[in-house]
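Next come the chains, spelled out residue by residue.
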Amino acid sequence: MHTDVLPGATPTKEHQSGTMKCLVKEDLHTDGFVLRTDYKEPSPGFGEVKIRVLATSVCGTDKSIYNSARSEGIRREMQRYLPSPDAYKPIVVGHEFCGIVEEIGPGNYDLAGMVPGHLLVEKGDYVTAEMHLSCGHCYLCRTGSEHICTGVKVKGVHLDGCFAESVVVPYKNVILLGKGGDTSEIPPRIGALLDAFGNSVHTVAEADVAGKSVAILGAGPLGLMSTFLCRAFGATRIYMSEAADIDRRARLATEFGVDHFVDVSKGSGELQKLVTKLEHNANGVDVVLEMSGSLPAYEDAFKIVRNGGQVILLGIAREPLPRFDIANGVIWKGVTVKGIFGRKMFSTWETMLSLIRSDRLDLKSKLERVVAPRNYRLEEFSEAFDLLGNGTELKLIFNPDGTLCK
Ligand SMILES: [Zn+2]
Ligand SMILES: [Zn+2]
């Protein structure tokens, strides 16, 4: 552990006051994280809120950061806003969480009609937060596209995140889940998933799935969450393809409402054959949701979509597509292609909360079933990342204070 390299760290005592426990990415060229107990606890600046983390979930991005020595793509991403590749400073990782507001920094809250003492979010409230921070001033931010602001920085990727006892975020990014710390409507195991679930909600909401056939490529957590969303949004026939860990994912997908689960580990011939047979009327599916990030899946997407259909891309390709036949795949087919990044600020959050509160189609219990049955302490991080790495678990939750680990 290189305690001397961290700004603000006080490396003398175990957990003295003003310090906190957290998982830190110290060096991009070495795999793994370091558990620190002496990291400076953040305090909220102007317009910021400090949140005590109750539960925080691990996603594919965290896995890539954990394995950064092997992933040039994630190293490039993490260095995007640095003046030089050597300028990297260790950060606290993690970006999906929920917690309790501990402190609200000073701010011009009255300008927004919020009188101190009557703020929308107050001390003791149960909240989550949008961890993509946009600049708020550019053309995109001022025209309703904050989520693709060119300056967007992600807490847990570019700035200190939430695999920690506490985290600080801008007030405007905080999402209220329960007044006075009430977690009864949205339990912490679901509150911690909302960032991820929001990716799926954004993707499905951007597609026109009502009364349509949909193919979801990739049965990872986001693909699986999209299955019951497609059902809730009124899709007719749902296909799903996956190349790994077939049995368990097929079982979950079928329980979540998928009609046809196809193993594409040996190629997509069977998927294409099935779509040709069942969608002969339109000669392809109406909508494809690409949620795997694997190169063969991008090709499959444009083969199985019907003329005039939609291809929505969420999975992140870590390298450029080597060859893509844009004339046959898109132009002559008249296909609409749309990329999805993060969640719309903040309409996706509102859609998501209303879906969860309605709990239609048992959405809450399905969400929970994507996650490992027990919660993990931050101290167990290497075991946790092993379980995710070897496919034993699809997604899991850290509980930094240990109270939900019984
Ligand atoms: Zn994530
Ligand atoms: Zn902006």
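Computed from a prediction, not measured in an experiment: that's the story for all the values here.

Participant: Looking at this model, I keep getting lost on the coordination of the zinc ion (ligand 2). Mind explaining?
Facilitator: Each donor-metal-donor angle in an ideal tetrahedron of four donors is 109.5 degrees, and each such angle in an ideal octahedron of six donors is either 90 or 180 degrees. Of the protein atoms, only Cys135 (SG), Cys138 (SG), Cys141 (SG) and Cys149 (SG) coordinate the zinc ion (ligand 2), at distances of 2.3 to 2.4 Å. Bound by four donor atoms, the zinc ion (ligand 2) shows angles of 105 to 115° at the metal and therefore tetrahedral coordination geometry. Written as a sequence motif, the donor residues of the zinc ion (ligand 2) are C-x2-C-x2-C-x7-C.

Participant: Explain the sheet that holds strand S16 (residues 336–339) to me, please; I cannot follow it from the model alone.
Facilitator: The strands making up a sheet associate through hydrogen bonds between their backbones, and the pairing can be parallel or antiparallel. Read across the open sheet, the six strands follow the order S13-S12-S11-S14-S15-S16; overall the sheet is parallel. Each edge of the sheet is formed by a strand with only one pairing partner; in this case those strands are strand S13 (260–263) and S16. Pairs of neighbouring strands in the sheet enclose a mean axial angle of 15°, with direction left out of account. One ladder, built from four bridges, connects strand S11 (residues 214–217) with strand S12 (residues 238–242); its direction is parallel.

Participant: Help me understand helix H11 (residues 347–358), please; the structure alone is not making it clear to me.
Facilitator: Residue pairs three or four apart in sequence face the same way in an α-helix, which turns once every 3.6 residues. With twelve residues, H11 extends 17 Å from end C-alpha to end C-alpha; this agrees with the ideal 16 Å at 1.5 Å per step. Looking at H11, one finds that the buried residues are Thr348, Trp349, Met352, Leu353, Leu355 and Ile356. Projected down its long axis, H11 shows its buried positions confined to an angular sector of 160°, all on one face. Elements in contact with the buried residues of H11: strand S6 (126–129), strand S10 (174–178), helix H4 (188–191), helix H5 (194–206), helix H6 (221–232) and helix H12 (363–369). Note on H11: the residue one or two positions beyond its end, Asp359, has a positive phi of about 50°.

Criteria and thresholds
For every chain, the first residue of the written sequence is number 1, and numbering continues from 1 along that sequence. Each chain is given a letter, starting from A, and each ligand a number, starting from 1, according to the order in which they appear as written. Per-residue local features are limited, in this predicted model, to residues with pLDDT of at least 70; the limit for side-chain atom pairs, both in listing and counting, is 80 or more; totals at the level of whole chains, interfaces and linings are taken over all residues. Side-chain measures were taken over the full set of non-hydrogen atoms in the model, leaving aside hydrogen atoms and water. Sites may look incomplete, because water is not among the atoms used; the donor set itself consists of N, O and S atoms within 2.8 Å of the metal (3.2 Å for Na, K and Ca). Square planar and octahedral assignments, for four and six donors respectively, both demand that opposite donors be over 155 degrees apart and that all other angles lie between 65 and 115; tetrahedral needs four donors with all angles between 85 and 135 degrees, and anything else is irregular. Should DSSP find at least two bridges between two strands, the strands are taken to pair. The helix and strand labels rest on DSSP assignments: H or I over at least four residues marks a helix, E over at least two residues marks a strand, and numbering proceeds from the N terminus. All axes are obtained by fitting lines to C-alpha atoms, using only the stretch in contact for helices, and the reported angles, taken between N-to-C directions, cover 0 to 180 degrees. In a helix, the anticipated span is given by 1.5 Å times the number of residues less one. Per-residue accessibility, obtained with a 1.4 Å probe over protein chains only, is compared with the maximum for each type, and a residue is labelled buried under 20%, exposed over 50%, and partly exposed between these values. To obtain the arc, one takes the directions from the helix axis to the C-beta atoms. Contact definition: two residues touch when any of their heavy atoms are within 4.5 Å.

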